[in-house]
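What the coordinates show
Spelled out from the first residue to the last, the chains are:
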Amino acid sequence: MGVGRSKEPRVVYVDKYHDITDQKVREAKERKARELREQAERERRQIEEAQRQEEERRRQLQQQEDQEKQRQAAQLRKLQDEALGERKKLLLYSFGDKHGLRNFTGVDISDMQSSDRGLRIGMFGPSGSGKSCFINTCERAMKLTTKGTCETQTSGAEGTILVQEYLDDVGSKFCMVDTRGFFHFNVNEYRAMTNIVYGRILPGEKIDLEGKKDVDKDDSWDTFPHWLHAIVIVLSARDPLLLNGQHVTNLNTIREFMRPRGIAPVTVVTHVDEVKDKSELDKIKLKASAATGSPQSHVFFIENYHPEHDDRDFNIELRAMEIINSALVVGERYVKIHKQQQQYAEEEKRAAAGQASAKESVDDFFRRLCDNKHIPFDKFGPVIATLTEEDITTTKLLRDNWDDLEAELQISSRMKTYIKEALFE
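Residues numbered from 1 in each chain as written. Predicted model: local features only at pLDDT ≥ 70, side-chain atom pairs only at ≥ 80, totals over all residues. Heavy atoms only, no water.

**What to know about the environment of methionine 415**
Applied cut-off: Starting at the N terminus, helices and strands are each numbered in turn, a helix being any DSSP run of H or I of at least four residues and a strand any DSSP run of E of at least two. Each residue is placed in one exposure class: buried if its accessible area under a 1.4 Å probe, protein chains only, is under 20% of its type's maximum, exposed if it is over 50%, and partly exposed if it falls in between. In this analysis, two residues are considered to be in contact whenever any of their non-hydrogen atoms come within 4.5 Å of each other.
Structurally, the position occupied by methionine 415 is in helix H14 (residues 413–424). With relative accessibility at 18%, the residue methionine 415 sits in the buried group. Taking C-alpha positions, methionine 415 is 9.7 Å from isoleucine 375, a pair spaced 40 residues apart along the chain. Excluding anything up to four places from it in sequence, methionine 415 contacts Ile375, Lys379 and Phe380.

In structure tokens:
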């Protein structure tokens, strides 16, 4: 056999369109068109849903913003009403309101109730402490103004103190007394503070720390309403002398003055907005308490109004009025304690005088009277002779029989008044 030939491949042609009719073509086009329409509809609905969700998000956000604005507005109205209420109560304040007049039963407070200025709050603080700004903040809260009248102290003149009253013109029975130039931390300040507290330095009067004005304990008793009845010490939270504890030494003289007199100071710490680490505030309060002698419950932080701060901040004003109220509370307590101490001292004095008068001779009584009133002793010679004739030889006998003797004595009514006051004091 010869070599066989390979078979050529067989090619089969298939007509794939042999079974496609015009109907099927039409159906396919319609199906495709329907799918496209459905896809477009889905995309349209997706877009609409996205728009709806965006509108709902915006609506909810706007609602939240409106609710927040309403909440803030309501909170602002509440703060405003609270501030106006506190201001009204302070404007209507009369001595005794904080503790109640029943708390002063048995204590004569008529001088405080009739005083034009009422309870006087002394303001002390070193230069730069924010004391002037605090006074201005109190003025703005009470007077509803955008500025205070206390000039900011930059550097007080060494050795000179200026005493000035504030809030003495709002109709309330209290005022603030600024002491500018104080706190140079020297021994003369004890004398100066004594004169300030005892009302021997008038508002607007400059004080020379080197002056020789006497410091007596009781010689201003008859002008007690002119004393300082509460003391507020203002310190700055950024004061390095506070932060390093040096003020504990610097203010020792002030503490030694206040403690035996029963004066419990209120401490105000300013510039707290400049303390970046708020956890430091507790330490600052503790240091301020140690420096001034105030209990921590009487140490207050405040962000003062500043000259460029024209908008009202009710939180600031409420804080300022809270501090004023605290000063009024401790001031009323001091007045009560001091008057009770004076009352007890007078009772002991009268008791001692009663015991002494039982043995004191009439001669000695009139010598004592003449010394007190600067009257020549010989003016009472005829009176003593008359009393001797009546066997009135002691002060006790003179006092017990004064009603019968008064008309008989041949002396002026003024002299009789002197004798009566000395007998029955």
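**Focus: the side chain of threonine 292**
Basically, it comes down to this: Polar contact is the term for a pair of N or O atoms within 3.5 Å; when the atoms are in protein, one must be able to donate a hydrogen and the other to accept it, and sequence-neighboring residues count only if both atoms are side-chain atoms.
Relative to the helices and strands, threonine 292 is located in helix H8 (residues 281–292). On the accessibility criterion, threonine 292 (1% relative accessible area) is buried. Polar contacts involving the side chain of threonine 292 include one to the side chain of threonine 267, which spans 2.6 Å. A polar side-chain atom of threonine 292 sits 3.0 Å from the main-chain carbonyl oxygen of alanine 288.

**Remarks on the nonpolar core**
Selection rule: Among buried residues, those of type Ala, Val, Leu, Ile, Met, Phe, Trp, Tyr and Cys that are joined through side-chain atoms within 4.5 Å constitute a nonpolar core.
Ranked by internal contacts, the top residues of the largest apolar core, which has 71 residues, are Ile121, Phe134 and Phe174. Beyond its immediate chain neighbours, meaning those up to four positions away, phenylalanine 174 contacts Leu90, Tyr93, Arg117, Leu119, Ile121, Met142, Leu167, Ile324 and Leu328. Within the second largest apolar cluster, 21 residues are counted, among which are Val362, Ile411, Met415 and Tyr418.

**Looking at the pattern of salt bridges**
Basically, it comes down to this: By definition here, a salt bridge exists when the distance from a side-chain nitrogen of Lys or Arg to a carboxyl oxygen of Asp or Glu is within 4 Å.
Applying the stated rule across the entire model yields 22 salt bridges. With its nearest N and O atoms 2.8 Å apart, the salt bridge here joins arginine 120 to glutamate 165. Highlighted residues: arginine 120 in strand S1 (residues 119–124) and glutamate 165 in strand S2 (residues 160–166), separated in sequence by 45 residues. When the shortest N-O distance is used, the salt bridge between arginine 259 and glutamate 256 registers 3.0 Å. Using a relative accessible area of 52% as the deciding quantity, one classes arginine 259 as exposed.

**Observations concerning H14**
For clarity, the threshold we go by: To estimate how far a helix should extend, the number of its residues minus one is multiplied by 1.5 Å.
Over its twelve residues, H14 runs 16 Å from end to end, which matches the ideal 16 Å to within 8%, given 1.5 Å per residue. Residues of H14 that are buried sit in contact with helix H10 (362–373), helix H12 (395–400) and helix H13 (402–405).

**Brief notes about the packing of H10 against helix H11 (residues 381–389)**
Applied cut-off: Orientation is described by axes fitted as lines to C-alpha atoms, over the contacting stretch for helices, and by angles from 0 to 180 degrees between their N-to-C directions. For classification, angles of less than 35 degrees are called roughly parallel, those exceeding 145 degrees roughly antiparallel, those between 65 and 115 degrees roughly perpendicular, and all remaining angles oblique. Put simply, a crossing is left-handed when the front helix is turned counterclockwise from the back one by less than a right angle, and right-handed when it is turned clockwise. Throughout, the ten residues Ala, Val, Leu, Ile, Met, Phe, Trp, Tyr, Cys and Pro are labelled nonpolar, Asp, Glu, Lys and Arg are labelled charged, and all others, Gly among them, are labelled polar.
Between H10 and H11, the shortest axis-to-axis distance is 10 Å and the interhelical angle comes to 155°. Judged on the interaxial angle alone, H11 and H10 are roughly antiparallel. Relative to H11, the crossing made by H10 is right-handed. Residues Val362, Asp363 and Phe366 of H10 form the contact with H11, whose own contacting residues are Val383, Ile384 and Leu387. Along the lines of polarity and charge, the residues of the contact of H10 with H11 split into five nonpolar, no polar and one charged.

**Let's talk about a negative patch on the surface**
So the rule is basically this: Think of a patch as exposed residues, more than 30% relative accessible area, with no salt bridge, where like charges cluster within 9 Å and nonpolar side chains (Val, Leu, Ile, Met, Phe, Trp, Tyr) cluster within 5 Å. Per-residue and other accessible areas follow the Shrake-Rupley method at a 1.4 Å probe size, with only the shown protein chains counted as cover for residues. When charges are counted, neither His nor the chain ends are considered; positive counts come from Lys and Arg and negative counts from Asp and Glu. In plain terms, the charge of a residue is placed at NZ if it is Lys, CZ if Arg, CG if Asp and CD if Glu.
On the surface, a cluster of negative charge is made up of Glu389, Glu390, Asp391, Asp403, Asp404 and Glu408. By the element assignment, aspartate 404 lies in helix H13. On the accessibility criterion, aspartate 404 (56% relative accessible area) is exposed.

**Re the packing of H10 against H14**
The N-to-C vectors of H10 and H14 enclose an angle of 110°; their axes lie 11 Å apart at closest approach. Taken together, the axis directions place H10 and H14 in an arrangement best described as roughly perpendicular. Facing Phe365, Phe366, Leu369 and Lys373 of H10, the residues of H14 in contact are Tyr418, Ile419, Glu421, Ala422 and Leu423. When the residues that make up the contact of H10 with H14 are grouped by side-chain class, the tally is seven nonpolar, no polar and two charged.

**Focus: the packing of aromatic side chains**
Geometrically, a pair of aromatic rings is defined through the distance of the ring centres and the angle of the planes. Quick note on the threshold: Pairing of aromatic rings covers Phe, Tyr and Trp, the last through its six-membered ring, and needs centres within 6.5 Å; plane angles under 30 degrees mean stacked, over 60 mean edge-to-face, and all others mean tilted. As a reminder, the over-ring test applies to NZ of lysine and CZ of arginine, requiring each to be within 6 Å of the ring centre and within 35 degrees of the ring normal.
Considering all chains together, one arrives at six aromatic pairs under this definition. Taken together, Tyr198, Phe224 and Trp227 form an aromatic cluster joined through their ring pairs. Across from the ring centre of phenylalanine 257, 4.0 Å away, lies the NZ or CZ of arginine 261, which sits over that ring. Geometry around phenylalanine 377 places arginine 367 over its ring, the cationic atom sitting 4.1 Å from the centre.

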